Amino acid sequence: MGTFSKAMTAQNGFSVIGKPFPKPDAVSKVTGRAVYADDMLPARTLHCRILRSPHPHARILSVDTSAARRMPGVQAVITGVDLPIKFGILPVTQDERALEHEKVRYVGDPIAAVAAIDEEIAAAACDAISVEYEVLEPVMSIDEALAETKDERIQDYGGPNNIHKLVALEFGDVDAGFERADHVREDVFFFQGNTHLPMEQHSAIATFVDGRVTLWSSTQVVHYVHRALAKVLELPMNRIRVIGAAHGGGFGGKTDPFAHEIIVCKLAMLTGRPVKCTLTREEVFYAHRGRHPVLMWVRTGVTKDGHITAMHFKTALDGGAYGSYGVASTFYTGALQTVTYDIPAYRFEGCRVFTNKPPCGPKRGHGTPQPRFALELHLEKIADDIGIDSVDLKQRNFVKPMTRTVNWLRITSCGLDECTERVLTASGYRTRQKRRGRGMGFAISSYMSGAGTAIYWNDMPHSEVQIKVDRGGVTAYCGAMDIGQGSDSVLAAIVAEELGLQPRDIRLVTADTDTTPIDLGSYSSRVTFMAGNAALQAARKMRDMLVEAVAAKTGSPGDTVTVAAGRIGDLSFEEASILAEARFGTLTSAGSYTPPKIAGPYKGSGVGPSPAYSYSACVVDLDADPRTGIVKVNKVWIAHDVGRAINPLLVEGQVEGSVYMGLGEALMEEQAFRKGLHKWPSMLEYKSPTFMDMPEVETFIVETVDPEGPYGAKEAGQGPLLPVIPAVSSAVFDALGVWIDEVPVTPEKIVEALRRKEKGEAPRFGPVRFPSIPYPTCIKVEPPPRTLEVGSASAASI
Amino acid sequence: MEFLQPSTWTEALQMKSAHPEAMPIAGGTDVMVEINLDRHRPASILDLTRVTELNQWGADGEFLRIGAGVTYTRIIGELGDRLPGLAMASRTVGSPQIRNRGTVGGNLGSASPAGDAHPPLLATDAVVELASVGGTRRLPVREFFTGPKRNAMKQDELIAAFLVSPAKGPQQFSKVGTRNAMVIAVCSFALTLDPVRKHIGTGIGSAAPTPVIADEAERFLEGVLDEGGLWEKPASVDASALARFGELVAAAAKPIDDVRGTAAYRRHALAVMARRSFGWAWDEYRTKASE
């Protein structure tokens, strides 16, 4: 399997950091002892089913629940009038209702909910609810959404027509950049939508006891669910407690507050009994919030020797029926192009439209895999045009560490060169044999280590950790939610390292809005960096107290007291903690992390800044059958600059998982619809790779030791997905000489591209035009000084 | 839902006669999916898993008679040498768990145009044995499929077994799917060379309302082999003849555009699979002949 870099296994001066410890929850999860929300069954639990719209677009004329209410075993039936207050993850798009009583906007939009003594009765009661609809013309594509509205707009904001959001930004003098270019090229690409496909379906269970609501949910962000519940239920936040149950996978799909979470709370309040709702697999496909389908147009100018002079990037996102994270997603389709390639002048125009499909939102890589796919292939085509090796052209334009991009993003550590060298060398890319039907593709990428700004505007820390030491026992409290990515491992490792203990010595209390301080949750690859820094700060304060107590007792200076191997100086950790508690009283410490204020001085600058960026490079080797178009991936080499691997085992797991997910998106996954209905709402028919499709993966962990990350660590959970997808399409070109400018790269598309090539047409498959979109006039932004002052990225919390 | 559980074949036939609406279930890999997705809610279920007669196979004259309850896993393990085409198709069914449960009899009962076992049964001129309290009848498999998920069974009949000749020559099966396991065929193709009868057998899956045979393609290729005396002196077959064979196989299909693929791609892929399958089978035949 993977190969750790030498630095990884060598003595690094740490006793825990950099060691491949197993996850603290691994045994309970693989032995079925972890308690997921659906496993919970308190006495007198009622089961909830939700009636959902069968129409993609319709006005609700009436809802009659009388027959359902009369059914034996039914305890409560609610409709939209019971939960009329709108919510949404972003403050600017509060456009969802837990139950809709006026209008439905996609097949699956919730209308009514039943709590009954068992699930079958609840389902039968849903069937007994009669709803009268006035069916409206559905809008099912980007083109239809841009066209004149037929019946009525899907949402009552945005516009013109069914446009949700328009963005236009220009950094530097783009026109002058194109004039200066020796060669200019335009391309159009399409990235089909796909969904997260977590193993665990969404599940939530609520109780209402003594006037307080408690919700256990399979969520990535207890804090945002907490806020939405308070708003819709009209309760103060201190009367609501949200607890993250054991988690069976999110990938961004459990980052919004969801209707079923609000519904079970409301039903618990009405009945006084616990109420549980677990979505069926089919409902999960309709709940969605996955990858946006994005149509992209890109124009780039280069000099003769391949240096980029200007880039103009246009995107059109098919957003589905609601806002979700869509405004952020739209900005993300234009934000990170500059973080890998030095682009001196850059124009970005983005557009998100509403369609009558399940809402799109964040999926691993949020809004950036689509433009990354386009950008990597586009640069290869430019290289071919001007007769430069495409890897050389990319390398010539790599950003440098300690610089600022034209759109004001601050780059500190950057391992692009090393990542590239690792995968090129290991794969033998440069010396590969050219043979029809066999090819290699290369691509790079970057991702954020946490968004630099919160979802809702506030000045508070993004993560806080408290540590309590009591008679030798260490407990760390943090709002971070372990969704399988290993955030618990990271917290335990950091606290253990600082206190001279082992990760198993650290008790964790996480993701509970009553008992843990705030963390903004497991999204945007922020936990290791942000919660990690907060934990580091709290642990160092605790260590200082322990050391001071021991020093005072033994009369030795504090800086001579060593903290290692379960001992503080000459005392055991337990003895030291008793001394410290006697000296200071209750032993608690706290740490917090607030990202540096690094957003640029323009509207929309909140999306893209991050305290650090990870970097990845990837080579894919595959066979592409020139007759059937069937692709078999033979091997993937991937190098990831994670800054420092807190736990290399988990980093490798994240990288391999990213490769797996990336290959699925590249080759087969499609969230596609016919007449408003999902084409494949099941795990059999929605194709993602199986064991039989997964190639060998060779992983290289590259450590650049970021100046602000905890011990220099950056993200690993999302970035490694990004280069895999363009590398697949690039390898198909290498094998067959045809460009598949559209994801997924299916056998049918390859066969069609080969047919066109044979007929002397353009040897490609993909979109041919980009629609006319009424983008506003660009906001012109003066670029920042491009180099960072040394010392400006010093670690605030270390 | 009524649950009927006979323990002998006679009892099973009596129950089916008394409850003609009863849905027979063996491995349940199709029936339970339909029930779980609420697509089909049969009034009663006839569980055949305790009928040991269905799990037997053995010789029946020049045929092998294989009980309807024999699983894919057993076909692969116990009959792979005698029925290589069917074994190859069985290996592409679902996952190990599904192959441990699923049966060829169940595949025939569901009569899906995409059933993986159907093309090799067509290519080997298999016969389906149907039984009721009134008696037993044998029907060539090519007359068994009557429409999408419809077959020639009468209401009171059950599938007892299928009969097939052990392979006399090379057999092939290929399948195009979106991934390499847990996949329903976009299209599939089976081919049999029978040097004794000088016969080419074909079967096409997932590219017409029912699994079908490419009659014209078979006769064309038999003609090519006869004309050149190639069965006796196996030399390579002319590329243009192979191309024509592929075209004729594609022409025998009546594919549609659906969620798994387009009609155009199915025709294209069938032509490729037909050419390649014959190429592989013919190479094997020539190698054996030269030994």
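Structure shown above.
Along every chain, residues carry numbers that run from 1 in the direction the sequence is written. Chain letters start at A and ligand numbers start at 1, both assigned in the order the entries are written. pLDDT decides what is reported in this predicted model: residues at 70 or higher carry local features, side-chain atom pairs at 80 or more are listed and counted, and totals for whole chains, interfaces and linings draw on all residues regardless. Only hydrogens and water are set aside when side-chain values are computed; all heavy atoms of the structure are taken into account.

**Quick word on the overall build of chain A**
- Secondary structure follows DSSP: runs of H or I at least 4 residues long count as helices, runs of E at least 2 residues long count as strands, and numbering of each begins at the N terminus. In terms of helices and strands, chain A carries 19 helices and 34 strands.
- Taken over the C-alpha trace, chain A has a radius of gyration of 27 Å; the compact-globule value for 798 residues is 28 Å, and the two agree within 12%.
- Seen through its C-alpha atoms, chain A measures out along the principal axes to roughly 85 × 75 × 50 Å.
- Burial status follows relative accessibility: with a 1.4 Å probe on protein chains alone, a residue under 20% of its type maximum counts as buried, one over 50% as exposed, and anything between as partly exposed. The buried share of chain A, taken over its 798 residues, is 65%.
- Any pair of residues with heavy atoms lying within 4.5 Å of one another is described as a contacting pair. A separation of at least 24 residues holds for 81% of the contacts in chain A among residues at least 6 apart in sequence.
- Exposure was quantified through the Shrake-Rupley algorithm and a 1.4 Å probe, taking into account, for residues, occlusion by the shown protein chains and nothing else. About 27700 Å² of surface is accessible on chain A, with carbon and sulfur atoms providing 52% of the total.
- Charge assignment in this entry is limited to Lys and Arg as positive and Asp and Glu as negative, and neither His nor the chain termini are counted. Every charge is mapped to an atom, namely NZ of Lys, CZ of Arg, CG of Asp or CD of Glu. If you average the places of the 85 positive and of the 94 negative side-chain charges in chain A, the two averages end up 0 Å apart. When we talk radius of gyration, it's over C-alpha atoms, and the globule rule is simply 2.2 Å times the number of residues to the 0.38.

**A closer look at the overall build of chain B**
- Broken down by element type, chain B carries 11 helices and 13 strands.
- Its C-alpha atoms give chain B a radius of gyration of 19 Å, within 12% of the compact-globule value 19 Å for 291 residues.
- Along the three orthogonal principal directions, the C-alpha set of chain B runs to about 60 × 45 × 30 Å.
- By the burial criterion, 53% of the 291 residues in chain B qualify as buried.
- Relative to all contacts within chain B whose residues are 6 or more apart in sequence, the contacts with residues 24 or more apart total 63%.
- Of the roughly 12400 Å² that chain B leaves accessible, carbon and sulfur atoms contribute 51%.
- Averaging the locations of the 32 positively and 33 negatively charged side chains of chain B gives two centres separated by 4 Å.

**A word on the nonpolar core**
Residues and elements named next belong to chain A.
- Among the buried residues, those of types Ala, Val, Leu, Ile, Met, Phe, Trp, Tyr and Cys that are joined through side-chain atoms within 4.5 Å form a nonpolar core. Membership of the largest hydrophobic core comes to 114 residues, with the highest contact counts inside it found for Tyr224, Phe442 and Leu622.
- When near neighbours in sequence (up to four residues on either side) are disregarded, Phe442 contacts Glu380, Val391, Lys394, Thr420, Val423, Leu424, Tyr429, Ala617, Cys618, Val619, Ala727 and Ser730.
- The next biggest cluster of nonpolar side chains, apart from the first, holds 47 residues, and it includes Ile506, Ala531, Ala549 and Ala713.

**Overview of the packing of aromatic side chains**
Residue and element names in this part refer to chain A.
- The criterion for an aromatic pair is that two Phe, Tyr or Trp rings (for Trp, the six-membered ring) have centres within 6.5 Å, with stacked assigned to planes under 30 degrees apart, edge-to-face to planes over 60 apart and tilted to the rest. This model, assessed by the stated rule, comprises 21 aromatic pairs over all chains.
- With a centroid separation of 6.0 Å and an interplanar angle of 85 degrees, the aromatic rings of Phe191 and Phe373 are classed as edge-to-face. A residue pair is termed long-range when its members are at least 10 positions apart, and Phe191 in strand S8 (residues 183–191) and Phe373 in helix H11 (residues 369–386) qualify at 182 residues. Grouping residues by exposure puts Phe191 and Phe373 together as buried.
- Seen in terms of ring centroids, Tyr341 and Phe398 are 6.2 Å apart; in terms of plane orientation they differ by 35 degrees. Their pairing is tilted.

**Some remarks on the sheet that holds strand S22 (residues 563–564) of chain A**
- Strands qualify as paired when DSSP identifies two bridges or more between them. In spatial order, the strands read S22-S23-S24 (chain A); together these three strands make up an open sheet with antiparallel pairing. Two strands close off the open sheet at either side, each with one partner strand: S22 and strand S24 (571–572) of chain A.

**Comments concerning the pairing of strand S1 (residues 46–52) of chain A**
Residues and elements named next belong to chain A.
- Judged by how many residues are buried, S1 sits mostly within the fold: seven of seven residues are covered.
- By the bridge criterion, two bridges tie S1 to strand S12 (residues 275–278) in an arrangement that is parallel. Among the inter-strand pairings, Leu46 is bridged to a residue of S12, identified as Val275.

**Quick look at the pattern of salt bridges**
Residue and element names in this part refer to chain A.
- The working definition used for a salt bridge is a side-chain nitrogen of Lys or Arg within 4 Å of a carboxyl oxygen of Asp or Glu. Enumeration over the complete set of coordinates arrives at 73 salt bridges over all chains.
- Residue Arg97 is joined to Glu100 by a salt bridge in which the shortest nitrogen-to-oxygen separation is 2.8 Å. The burial state of Arg97 is the same as that of Glu100; both residues are buried.
- Linking Arg432 and Asp734 is a salt bridge whose minimum nitrogen-to-oxygen distance equals 2.8 Å. Here Arg432 is found in the loop between helix H13 (416–427) and strand S18 (438–448), whereas its partner Asp734 is found in helix H18 (residues 724–736), with 302 residues between them in sequence.
- By relative accessible area, which is 23% here, Arg432 ends up partly exposed.

**Overview of the sheet that holds strand S4 (residues 103–104) of chain A**
Residues and elements named next belong to chain A.
- One open sheet holds the three strands; their spatial order is S4-S2-S6, and the pairing between them is antiparallel. Among the strands making up the open sheet, the edge pair consists of S4 and strand S6 (130–135).
- Inspection of the sheet shows strand S2 (residues 58–64) paired to S4 by two bridges, in the antiparallel sense. Within S4, the residue paired with Ala58 across the bridge is Val104.

**Here's the deal with the environment of Met1 of chain B**
Residue and element names in this part refer to chain B.
- When you line up the elements, Met1 lands in the segment before strand S1 (2–4).
- With 46 residues separating them in the primary sequence, Met1 and Asp47 have C-alpha atoms 13 Å apart.
- Other than its neighbours up to four places away in sequence, Met1 contacts Arg41, Pro42, Ala43, Ser44 and Ile45.

**Side note on the packing of helix H10 (residues 239–252) of chain B against helix H11 (residues 263–290) of chain B**
Residues and elements named next belong to chain B.
- Packing of H10 against H11 leaves a shortest axis separation of 8 Å and a crossing angle of 135 degrees. Here H10 lies oblique to H11, going by the angle between them. You can see that H10 and H11 cross each other, and the crossing is right-handed. Together, Leu242, Ala243, Phe245, Gly246, Glu247, Val249 and Ala250 of H10 and Arg267, Leu270, Ala271, Ala274, Arg275 and Phe278 of H11 make up the contact between the two elements.
- Across the contact of H10 with H11, the residue classes break down as nine nonpolar, one polar and three charged. Where helices are involved, their axes are fitted lines through C-alpha atoms of the stretch in contact, as for all axes, and angles between N-to-C directions lie from 0 to 180°. Here is the rule for angles: anything less than 35 degrees is roughly parallel, anything more than 145 is roughly antiparallel, 65 through 115 is roughly perpendicular, and the remaining ranges are oblique. In this scheme the handedness of a crossing depends on how the near helix is turned from the far one: anticlockwise by less than a right angle means left-handed, clockwise means right-handed. Think of it as three bins: nonpolar holds Ala, Val, Leu, Ile, Met, Phe, Trp, Tyr, Cys and Pro, charged holds Asp, Glu, Lys and Arg, and polar takes everything else, Gly as well.

**A few points about the environment of Gly334 of chain A**
All names here are of chain A.
- With respect to the helices, strands and loops of the structure, Gly334 is situated in helix H10 (residues 326–335).
- Of the residues examined, Gly334 reaches a relative accessible area of 4% and is grouped as buried.
- Along the sequence, Gly334 and Gly177 sit 157 residues apart, while their C-alpha atoms lie 18 Å from each other.
- Those residues within four positions of Gly334 in sequence are excluded, and the remaining contacts are Tyr346 and Phe348.

**Description of the state of the cysteines**
- Disulfides are defined as cysteine sulfur pairs within 2.5 Å. Taken as a whole and judged by the stated rule, the model has zero disulfides over all chains.
- Sulfur of Cys414 of chain A: no disulfide; nearest cysteine sulfur belongs to Cys419 of chain A and is 8.2 Å away.

**Points about the interface of chain B and chain A**
- Counting from both sides, the interface comprises 17 residues of chain B and, opposite them, 20 residues of chain A.
- When chain B packs against chain A, close to 1800 Å² is buried across both sides, 57% of that on carbon and sulfur atoms.
- The interface formed by chain B and chain A contains two salt bridges.
- As a salt-bridge pair, Arg260 of chain B and Glu685 of chain A come within 2.5 Å of each other at their nearest N and O atoms.
- Residues adjacent in sequence count toward polar contacts only when both atoms are side-chain atoms; beyond that, a polar contact is any pair of N or O atoms within 3.5 Å, and within protein one must be able to donate a hydrogen and the other to accept it. Joining chain B to chain A, the criterion identifies 11 residue pairs in polar contact (both at pLDDT 80 or more).
- At five residues, H11 of chain B tops the list of elements feeding residues into the side of chain B that touches chain A. Joining two parts hides part of their accessible area as seen by a 1.4 Å probe, and the buried area is that hidden amount summed over both.

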